[in-house]
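Architecture and fold: a report
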Amino acid sequence: MCTRGSCASRKTFRFRKEGLCPLIGSNTEKLASPTISVIMCVHRMHPWLSEAIDSVLCQDDDDFEFLIAANRCTDELWSWLQDYAKNDTRVSLFRNEISQLAFNLNLLVDKAAGDYIVRMDSDDVCEAQRIRCLRSAAAESWCDIIGSSVSLISEDGTLVGYIDLPTRQQELYKALATKTAFCHPAVAIRRAFLLDLRGYLGGFTSEDTDLWLRAKRVGATMQNLPEYLLRYRVHNTQSIGTRAGYAEVAGHWLREFLLSPSLFTTKGLAAALLKAVFSRWLPGVRRYSTKR
């Protein structure tokens, strides 16, 4: 049973080279048919990358593969990533020169073998029970999209707040118009469903909103777990909350409004336009930065 307490560990992972993260996959055969595929994209070295990778490899459920796309990266970063692949059979690397997130996510989805695609960003931290909790939820519901609540950490890993997201499908559908329904790096998506949607389609910074809207349009089953399964890092180099991002979201909502004019799509379009215009004054994730 995966409970809020068991999945909300505040442990901070240190570099694997310090010997604190066991190389679970280093002495095993590569999984012939993993049930879960964790995917992550990276294009540069930064202070949190090692911690992000180690937090995936240190899961207490090791039945997964870990696919990493390195886009427009340096030879130094590629060599550094290859050390992980040499030491852990679960890691597979893919290098290309197209520095666009949606393209690289689609590349990894195409290469993945798991029934579920688990998203991960290169600056966040998985809780040790994340894969186990998501697997348990998938076995019970077989939902198309399964997310979770997340805790917020600062650049140095200090806990600064929480994001509690809607848990039930109707709450999620309603929240899409004005609020955050899913934290993208915290979701697991059924691979067959994602392929049926033709993968990620739009935006340099809002590919997730586009996906949620298209998923709702086809009646996707959705849920968020109440557990905090991911530590989402807040820092100054993020693209979240930019005017370009809000403008892309407004474009996605305009498409939905033109395809299906309704009170819901009107509300969503109006909210997106207002956010794009007043993005400079919006608090972004800072509104969650309050400790309990």
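Within any chain, residue numbers begin from 1 and follow the written order of that chain's sequence. Note on the predicted model: pLDDT of at least 70 is required for a residue's local features to be given, and 80 or more for side-chain atom pairs to be given and counted; whole-chain, interface and lining totals, by contrast, use all residues. Heavy atoms from the whole structure form the basis of all side-chain values; hydrogens and water molecules are not counted.

1. Description of the nonpolar core
The nonpolar side chains of soluble globular proteins are, as a tendency, buried together. The definition of a nonpolar core used throughout is a set of buried Ala, Val, Leu, Ile, Met, Phe, Trp, Tyr and Cys residues joined through side-chain atoms within 4.5 Å. To sort residues, take the accessible area from a 1.4 Å probe on protein chains only and compare it with the maximum for the residue type: under 20% means buried, over 50% means exposed, and anything in between is partly exposed. If you look at the biggest cluster of nonpolar residues, it comprises 43 residues, and the most contacted ones within it are V38, I53, F66, I68, M120 and I146. Any two residues having at least one pair of non-hydrogen atoms within 4.5 Å are treated as being in contact. Residues within four places of I146 in sequence aside, it is in contact with Y116, L134, A137, A138, S141, A186, V187, A188, Q223 and L225. If you look at the next biggest cluster of nonpolar residues, it comprises 27 residues, including I39, A181, F182 and A215.

2. Here we look at the packing of helix α8 (residues 243-259) against helix α9 (residues 263-277)
Every axis corresponds to a line fitted to the C-alpha atoms, with the helix fit spanning only the stretch in contact, and the corresponding angles, defined between N-to-C directions, vary from 0 to 180 degrees. Working definition: helices are DSSP H or I runs of at least four residues, strands are E runs of at least two. Numbering for both runs from the N terminus. Contact geometry for α8 and α9: axes closest at 8 Å, N-to-C directions at 160°. By the angle class used here, α8 and α9 are roughly antiparallel. The interaxial crossing formed by α8 with α9 has left-handed handedness. Contact residues: R243, Y246, A247, V249, A250, W253, L254, E256 and F257 in α8; F264, T265, T266, G268, L269, A272, L273, K275, A276 and V277 in α9. Residue classes follow a fixed rule: Ala, Val, Leu, Ile, Met, Phe, Trp, Tyr, Cys and Pro count as nonpolar, while Asp, Glu, Lys and Arg count as charged, and any other residue, Gly among them, counts as polar. Its residues assigned to classes, the contact of α8 with α9 comprises 13 nonpolar, three polar and three charged. Oblique is the label for any angle not under 35 degrees, not over 145, and not in the 65 to 115 range, which are roughly parallel, roughly antiparallel and roughly perpendicular in turn. Here is the rule for handedness: rotate from the far helix to the near one, and if that takes an anticlockwise turn smaller than a right angle the crossing is left-handed, while a clockwise turn gives right-handed.

3. What to know about a nonpolar patch on the surface
Patch building starts from residues that exceed 30% relative accessible area and form no salt bridge, then joins like charges within 9 Å and nonpolar side chains (Val, Leu, Ile, Met, Phe, Trp, Tyr) within 5 Å. Accessible areas in this description were obtained via Shrake-Rupley with a 1.4 Å probe; residue shielding takes into account the shown protein chains only. Any Lys or Arg side-chain nitrogen located within 4 Å of an Asp or Glu carboxyl oxygen qualifies as a salt bridge. Together, L274, V277 and F278 line one region of the surface with nonpolar side chains, adding up to about 290 Å² of accessible area. Secondary-structure assignment places L274 in helix α9. Residue classification places L274 among the exposed residues on the basis of a relative accessible area of 51%.

4. Concerning unusual backbone geometry
Positive phi, close to 50°, is recorded for W142, a residue that is not glycine. Looking at the element boundaries, W142 is found in the loop between α4 (130-141) and β6 (145-153). Non-glycine residue R198 carries a positive phi angle of around 70°. Note on placement: R198 falls in the loop between α6 (191-196) and α7 (207-217).

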